[in-house]
Amino acid sequence: MNKEKHQCDSVAEELIDDEKNLILLNDDVNTFDYVIDTLIEVCGHTKEQAETCAWITHYKGRCAVKSGTFDELKPYYDCLINRHLLAKIQ
């Protein structure tokens, strides 16, 4: 029974490790409107979600704007970088 539980725990840990966040980082270059419009277009956020993320990023320096596996997040990351926003997958 302990062996089965250990195997389940290992699988659960692997699944959790696969979950990443796309983090938007604060910068002193882009306007709020630009960031909000970009989050709506790239990440599919509602206006309210995008505004909230923009404010969190402004005050805290960073905000998770999307979650998923690395492979799922990479195209979003590339789009944000190509639009001159600072981002990372973590």
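Refer to the preceding data block for the structure.
A few points on the structure. The structure displayed is predicted, hence computed values, not measured ones. (Residues numbered from 1 in each chain as written. Predicted model: local features only at pLDDT ≥ 70, side-chain atom pairs only at ≥ 80, totals over all residues. Heavy atoms only, no water.)

The terminal C-alpha atoms of helix 2 (residues 32–43) lie 16 Å apart, and with twelve residues this matches the ideal 16 Å at 1.5 Å per residue to within 8%. Among the residues of helix 2, those classed as buried are V35, I36, T38, L39, V42 and C43. One side of helix 2 holds all its buried residues, which, seen down the axis, span an arc of 165°. Relative to its buried face, helix 2 has exposed residues pointing more than 90 degrees away, namely D33 and E41. (Helix = DSSP H or I, 4+ residues; strand = E, 2+ residues; numbered from the N terminus. Expected span 1.5 Å × (residues − 1). Buried < 20%, exposed > 50% of the residue type's maximum accessible area, 1.4 Å probe, protein only. Arc of directions from axis to C-beta.)

Ranked by size, the top nonpolar core spans 16 residues in total, and within it L22, L24, V35, L39, V65 and L80 carry the most contacts. Counting only elements with at least two residues in this core, the list comes to strand 1 (20–25), helix 2, helix 3 (47–60), strand 2 (62–68) and helix 4 (70–82). Here the element with the most residues in this core is helix 2; it accounts for five residues. Look past the residues within four positions of L22 in its chain and what remains in contact with it is C63, A64, V65, K66, L73, Y76, Y77, L80, A87, K88 and I89. (Core = buried A, V, L, I, M, F, W, Y, C linked by side-chain atoms within 4.5 Å. Contact = heavy atoms within 4.5 Å.)

Okay, the environment of K60 next. If you trace the backbone, K60 turns up in helix 3. As a C-alpha pair, K60 and N26 span 34 residues in sequence and 8.2 Å in three-dimensional space.

A cluster of acidic residues, D18, E19, D71 and E72, forms a negative patch at the surface. Mapped onto the elements of the fold, D71 is located in helix 4. (Patch = residues over 30% accessible without salt bridge, like charges linked within 9 Å, V, L, I, M, F, W, Y side chains within 5 Å. Areas by Shrake-Rupley, 256 points an atom, 1.4 Å probe, with all protein chains shown as cover. Salt bridge = Lys/Arg side-chain N within 4 Å of Asp/Glu carboxyl O. Lys, Arg positive; Asp, Glu negative; His and termini not counted. Charge placed at Lys NZ, Arg CZ, Asp CG, Glu CD.)

An order of 2-1-3 is seen for the three strands of this open sheet, with the pairing classed as antiparallel. Pairing within the sheet leaves two strands with one partner each, and these edge strands are strand 2 and strand 3 (86–89). The mean angle between the axes of side-by-side strands here comes to 25°, regardless of whether they run parallel or antiparallel. Here six bridges tie strand 1 to strand 2, and the two strands are oriented antiparallel to one another. When the bridges of strand 2 are listed, K20 appears paired with G68. Contacts between helix 4 and the sheet are confined to strand 1, strand 2 and strand 3, with strand 3 contributing the most and set at about 170° to the helix. (Pairing = 2+ DSSP bridges. Axes fitted to C-alpha atoms, helices over the stretch in contact; angles between N-to-C directions.)

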